[in-house]
Amino acid sequence: MSLWQQINQPVTYAIPFFVLAMALEIAALRGHDDLAGYAKADARTSLIMGAVSVFISGAAKFAALIAYAALYVRAPWQLDPRDPLAWVAVMLGVDLLWYLYHRVSHRVRLVWAAHQVHHNSRYFNYATALRQKWNPWFELLFWTPLPLLGVPPWMVFTAWSFNLVYQFWVHTETIGKLPRWFEFVFNTPSHHRVHHASDPEYLDKNYGGILILWDRVFGSFRAETFRPTYGLTKNIESTDILTLQYYQFGALWRDLRSTRRVRDWLGYTFGPPGWEPGAGATQIATPAGLD
């Protein structure tokens, strides 16, 4: 199998579907208030971020492929990609690891600094779905158990790509609640609207990728009961793409420079967004845009 075949992802072939979905959503939202639709500058920013992330993701996956391959050849056994049950197991494993990574990315400030860009739009639509980070390294670290368990690296990338494609369609306000059995098992637009909210009642909820069952099992589920307010709890007042991507890293660096205590460095870096010296574990929650 060629290098390109190993790191290529189904999400590349889903781009026409993404474009069609945005066109249909724009048509469906025509005449609604601005925050329920699209703003040209915001959508343009999201699309640029998404386009650049394709290239960054490719380079990151090339580096990860080398590391994953080194782990895979030392695995005690190796999965057979021709076995359908192996694919079911890998898809479930990827989805569970995504849940864990996603939860960490909202509760550990260093990881949040990379992830927050996906939340810093005040709009919730299919363009927002493409508002991707340019720092995928933390995410790639979370997949390392899979090659250690004998999953071929290309299977990891393929399963994650299908997971990512699934998550695209849940970024919309044009789809209401779906049948109860579907809402109980799977991530849906209703569940994901809660996840993108900055309302205190909705913070740090609904981390699931394909399955919302993980949230139900691990106590992070919240049903949608009112229309969310999207964005950060303290929004970044800028339209500059680099600022939106890296603002939190700059804010973290300023906080680290403000103290010489190792304890504070650890708190600022690995505590939740909003952590401050002396505030303890009660200091708050995400999504936060810190000064």
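The rules we used
- Residues numbered from 1 in each chain as written.
- Predicted model: local features only at pLDDT ≥ 70, side-chain atom pairs only at ≥ 80, totals over all residues.
- Heavy atoms only, no water.
- Helix = DSSP H or I, 4+ residues; strand = E, 2+ residues; numbered from the N terminus.
- Rg over C-alpha atoms; globule rule 2.2 N^0.38 Å.
- Buried < 20%, exposed > 50% of the residue type's maximum accessible area, 1.4 Å probe, protein only.
- Contact = heavy atoms within 4.5 Å.
- Areas by Shrake-Rupley, 256 points an atom, 1.4 Å probe, with all protein chains shown as cover.
- Lys, Arg positive; Asp, Glu negative; His and termini not counted.
- Charge placed at Lys NZ, Arg CZ, Asp CG, Glu CD.
- Expected span 1.5 Å × (residues − 1).
- Bend = angle between axes of the 7 residues up to and from the residue.
- Polar contact = N/O pair within 3.5 Å; in protein donor to acceptor, adjacent residues only side chain to side chain.
- Patch = residues over 30% accessible without salt bridge, like charges linked within 9 Å, V, L, I, M, F, W, Y side chains within 5 Å.
- Salt bridge = Lys/Arg side-chain N within 4 Å of Asp/Glu carboxyl O.
- Core = buried A, V, L, I, M, F, W, Y, C linked by side-chain atoms within 4.5 Å.
- Axes fitted to C-alpha atoms, helices over the stretch in contact; angles between N-to-C directions.
- Parallel < 35°, antiparallel > 145°, perpendicular 65-115°, else oblique.
- Nonpolar A, V, L, I, M, F, W, Y, C, P; charged D, E, K, R; others polar.
- Phe/Tyr/Trp six-rings, centres within 6.5 Å; stacked < 30°, edge-to-face > 60°.

Q: Got a minute to help me understand the overall build of the protein chain in this structure?
A: Each helix and strand counted, the protein chain has 15 helices and zero strands in total. Here the C-alpha radius of gyration of the protein chain, 19 Å, is about what a compact globule of 291 residues would show, namely 19 Å. Taking the principal axes of its C-alpha atoms as reference, the protein chain extends roughly 55 × 50 × 35 Å. Counting over 291 residues, the protein chain shows a buried share of 51%. Counting contacts in the protein chain only where the partners sit at least 6 residues apart, residues at least 24 apart contribute 72% of the total. Counting only carbon and sulfur atoms, one obtains 67% of the accessible surface of the protein chain, whose full area is about 14,100 Å². Counting 25 positive and 21 negative side-chain charges, the protein chain places the centres of these two groups 4 Å from one another.

Q: Could you clarify how one ought to interpret unusual backbone geometry in this entry?
A: Note: most residues except glycine have negative phi, and most peptide bonds are trans. Located in the positive-phi region is Asp204, a residue other than glycine, with phi close to 60 degrees. Within the fold, Asp204 resides in the loop between α12 (189-195) and α13 (213-218). Unusually for a residue other than glycine, Asn206 sits at a positive phi of about 55 degrees. If you trace the backbone, Asn206 turns up in the loop between α12 and α13.

Q: How should I be thinking about helix α15 (residues 262-270) in this particular structure?
A: In an α-helix, one full turn covers 3.6 residues, which means residues spaced three or four apart are oriented alike. Burial in α15 covers these residues: Asp264, Gly267, Tyr268 and Thr269. Elements that come into contact with the buried residues of α15 comprise α6 (109-115) and α14 (241-257).

Q: Sorry, what's going on with α14 here?
A: Over its 17 residues, α14 runs 25 Å from end to end, which matches the ideal 24 Å to within 8%, given 1.5 Å per residue. The sharpest bend along α14 measures roughly 50 degrees and falls at Tyr247. Regarding α14, the residues found buried are Ile241, Leu244, Gln245, Gln248, Ala251, Leu252, Asp255 and Leu256. Check the buried side of α14 and you find it contacts α4 (40-72), α6 and α15. The backbone nitrogen of Leu242 has a side-chain oxygen 3.2 Å away, supplied by the residue at the start of α14, namely Asp240.

Q: Looking at this model, I keep getting lost on a nonpolar patch on the surface. Mind explaining?
A: Nonpolar side chains collect at one region of the surface, where Val262, Trp265, Leu266 and Phe270 lie side by side and expose about 410 Å² of accessible area between them. Mapped onto the elements, Phe270 comes out in helix α15. Exposure remark for Phe270: the relative accessible area of 51% places this residue in the exposed category.

Q: Explanation requested: the nonpolar core in the structure shown.
A: If you look at soluble globular proteins, the nonpolar side chains tend to sit buried side by side. Phe18, Met22, Tyr126, Leu130, Tyr166, Phe168 and Trp169 are the most contacted members of the largest nonpolar core, which has 21 residues in total. At the level of secondary structure, the elements contributing two or more residues to this core comprise α3 (15-29), α7 (126-129) and α10 (153-168). The contacts of Leu130, once residues within four sequence positions are left out, are Phe18, Met22, Ser46, Leu47, Met49, Gly50 and Phe168. Among the nonpolar cores identified, the runner-up in size contains 20 residues, and Val90, Val94, Tyr101 and Ala159 belong to it.

Q: Would you take a moment to explain the pattern of salt bridges for this structure?
A: When the charged atoms of two side chains with opposite charge come close together, those side chains can pair. Enumeration according to the criterion identifies nine salt bridges in this entry. In this structure, Arg107 and Asp204 form a salt bridge, with 3.0 Å as the shortest nitrogen-oxygen distance. Remark: Asp204 occurs in the loop between α12 and α13 and Arg107 occurs in helix α5 (residues 84-107); sequence separation between them is 97 residues. The exposure class assigned to Arg107 is partly exposed, which follows from its relative accessible area of 29%. Look at Asp204 and you get buried, because its relative accessible area is 14%. A salt bridge links Asp255 to Arg109; the nearest nitrogen and oxygen atoms lie 2.7 Å apart. Note that Asp255 is positioned in helix α14 and Arg109 in helix α6, a separation of 146 residues in sequence. Pair check on accessibility: Asp255 and Arg109 agree, each one buried.

Q: It is not clear to me how the packing of α4 against α14 should be interpreted in this structure. Could you clarify?
A: For any two helices packed against each other, the geometry is given by the interaxial angle and the distance between the axes. It is at 10 Å that the axes of α4 and α14 come closest, and there the two elements cross at 70 degrees. As the angle between them shows, α4 and α14 are arranged roughly perpendicular. Within the contact between the two elements, α4 uses Thr45, Ile48 and Met49 and α14 uses Ile241, Leu244 and Gln245. When the residues that make up the contact of α4 with α14 are grouped by side-chain class, the tally is four nonpolar, two polar and no charged.

Q: Is there a simple way to explain the side chain of Asp95 in this structure?
A: Position of Asp95 relative to the elements: it lies in helix α5. Contact partners of Asp95, with chain neighbours within four places excluded, come to Asn163, Gly209, Ile210, Leu211 and Trp214.

Q: It is not clear to me how the packing of aromatic side chains should be interpreted in this structure. Could you clarify?
A: In this description, an aromatic ring pair is defined by two values, namely the gap between the centres and the angle between the planes. One pass over the structure, following the stated rule, counts 21 aromatic pairs. Aromatic side chains Trp134 and Tyr246 sit 6.5 Å apart centroid to centroid with 65 degrees between the ring planes, which places their arrangement in the edge-to-face category. Of this pair, Trp134 sits in the loop between α7 and α8 (137-142) while Tyr246 sits in helix α14, and the two are 112 residues apart along the sequence. Relative accessible area serves as the criterion here: at 33%, Tyr246 is assigned to the partly exposed category. Between Trp143 and Trp160, the ring centres sit 5.5 Å apart and the planes meet at 40 degrees, which makes this aromatic pair tilted. Here the residue Trp143 occupies a position in the loop between α8 and α9 (145-148), and Trp160 occupies one in helix α10, the gap between them amounting to 17 residues. Residues Trp143 and Trp160 agree in their burial class; the two are buried. Through pairs of rings, three or more aromatic residues link up here, namely Trp98, Tyr101, Phe142, Trp143 and Trp160.

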